[in-house]
Amino acid sequence: MAPFVTFRMLSKGPAAALACLPLAFAFLVAQPSPQAAAQASPAACTGKDLLAEIKAANPDAYAAIVRKGKRVPNTEAMLWKVTKKGSTAKPSYLFGTIHLTDDRVTTLSDKTKAALSASDVLAVEVADMSQDALAKVIAASPQLLVFTNGQSLDKLLSPQDFKSTTAALKGSGIPAAVARQFKPWFVMTTLAQTACERTRIQSGLKVLDNKLVALAKAKTKKVVGLETAREQLAAMASIPMPQQVKMLRASLAYASRNQDMIETMLRMYMKRDMGKTWPLQFNLAKKIGISEREYDGFRQRIEIKRNYLMRDRSLPLLSNGGAFIAVGALHVVGAEGLVRLYRNAGYTVTPIE
């Protein structure tokens with residue numbers, strides 16, 4: 001298995017330290033290994049559908065998730081055409097991604113391939129996700145991931161929760177002595193990635209976003225980033241500490257079901273049913289005594305504020321035309337998602353698939 005990048009750098013001390021969730025996260029927890037890439041592709045990751053379980057066990061709770069999901073606007077497509085009346089610019093496209101290697105999403109549809117082929121520039125969340133690029137970011141700002149002020153994770157958690165945290169992190173190769181240095185948001189997001197997905201990334205398989213980058217570069221198309229890796233990591237680090245701790249507690253409670261959660265999300269994505277994402281999350285959190293309000297900081301910083309940033313940085317691309325804008329699916333849908341924000345900016349945004 002390839003070295004765990006963050007742990008390898010933290011083992012030299014915090015000052016030399018090297019993420020729906022920011023794309024940078026996936027590449028912090030697992031970097032492709034040249035040795036592993038030469039091996040046969042690992043097996044597909046599989047899991048159970050949590051929504052089906054809830055429907056069978058508690059029909060009323062399931063009905064509430066469905067009802068709330070239907071209130072979320074613009075969930076009927078992940079590929080959208082973006083045009084402006086009176087403009088002579090080429091059409092642009094907006095595409096919602098999911099930061100996974102699963103063949104069900106990395107096998108692009110004919111319409112998606114045609115839209116990418118017709119575009120001149122690909123805009124993704126972060127253009128350079130190489131190990132060297134991430135290492136420079138974290139080496140320059142270690143305080144985004146680790147405590148540098150004398151605080152530590154074991155002081156924020158109960159002894160039992162810290163014990164559960166270190167046990168859950170063993171699969172990521174992080175010993176307790178190192179785990180205590182990490183801020184809760186990083187531990188939470190590390191736990192969100194399964195061993196199966198980590199192995200697939202380390203084998204050299206590309207998450208959907210990076211597959212799009214590879215295809216664009218193969219056709220000599222320009223690739224740009226709407227954010228920097230540092231901005232993404234800083235957004236996570238800006239979540240209020242009490243909320244970070246409570247969200248970590250929720251992650252610990254469902255750590256054994258992570259593959260099932262990913263499978264559930266994948267099925268929602270393929271069905272163009274992402275409106276159920278947050279209602280499902282809130283349902284699971286409520287079972288362990290965590291309210292929707294505890295996620296406010298996360299949603300504002302990781303979803304909504306970034307939507308407006310992506311809008312501002314992508315509008316010049318839309319004005320020029322011929323842009324293929326690929327960002328995480330939850331940045332596309334919703335009352336303050338990019339479909340709505342582009343329409344508010346005067347664009348016609350039409351669902352394709």
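Residues numbered from 1 in each chain as written. Predicted model: local features only at pLDDT ≥ 70, side-chain atom pairs only at ≥ 80, totals over all residues. Heavy atoms only, no water.

## Topic: the overall build of the protein
When helices and strands are counted, the protein shows 20 helices and six strands. The buried share of the protein, taken over its 353 residues, is 54%. (Helix = DSSP H or I, 4+ residues; strand = E, 2+ residues; numbered from the N terminus. Buried < 20%, exposed > 50% of the residue type's maximum accessible area, 1.4 Å probe, protein only.)

## Topic: the nonpolar core
By size, the foremost hydrophobic cluster in this structure holds 96 residues, and its most contacted members are Leu94, Leu122, Leu212, Tyr269, Phe324, Ile325 and Tyr342. Other than its neighbours up to four places away in sequence, Tyr342 contacts Val82, Leu94, Arg311, Ser314, Leu315, Leu318, Ile325, Tyr347 and Val349. (Core = buried A, V, L, I, M, F, W, Y, C linked by side-chain atoms within 4.5 Å. Contact = heavy atoms within 4.5 Å.)

## Some thoughts on the packing of aromatic side chains
Applying the stated criterion to the full structure yields seven aromatic pairs. Judged by centre distance (5.8 Å) and plane angle (50°), the ring pair of Phe95 and Phe324 falls under tilted. Placement of Phe95 in strand β2 (residues 92–97) and of Phe324 in strand β5 (residues 323–328) is noted, with a sequence separation of 229 residues between them. For Phe95, a relative accessible area of 3% translates into the label buried. Overall, the relative accessible area of 0% leaves Phe324 in the buried class. Judged by centre distance (4.7 Å) and plane angle (35°), the rings of Phe182 and Phe186 are tilted. (Phe/Tyr/Trp six-rings, centres within 6.5 Å; stacked < 30°, edge-to-face > 60°.)

## Regarding unusual backbone geometry
At Thr220, a position not held by glycine, the phi torsion is positive, near 55°. With respect to the helices and strands, Thr220 occurs in the loop between α14 (208–218) and β4 (222–225). With relative accessibility at 73%, the residue Thr220 sits in the exposed group. Residue Arg272 is not a glycine yet carries a positive backbone phi of 55°.

## Topic: the confidence of the model for the protein
Across the protein, pLDDT averages 88, with 89% of residues at or above 70. Below a pLDDT of 50 lies the segment residues 1–21, which in the model reaches 62 contacts outside its immediate sequence neighbourhood of four places, other chains included. (pLDDT = per-residue confidence, 0-100.)

## With respect to helix α12 (residues 184–192)
For α12, a buried count of eight out of nine residues is recorded, marking the element as mostly surrounded by other parts of the structure. All buried positions along α12 are accounted for by Pro184, Trp185, Phe186, Val187, Met188, Thr189, Thr190 and Leu191.

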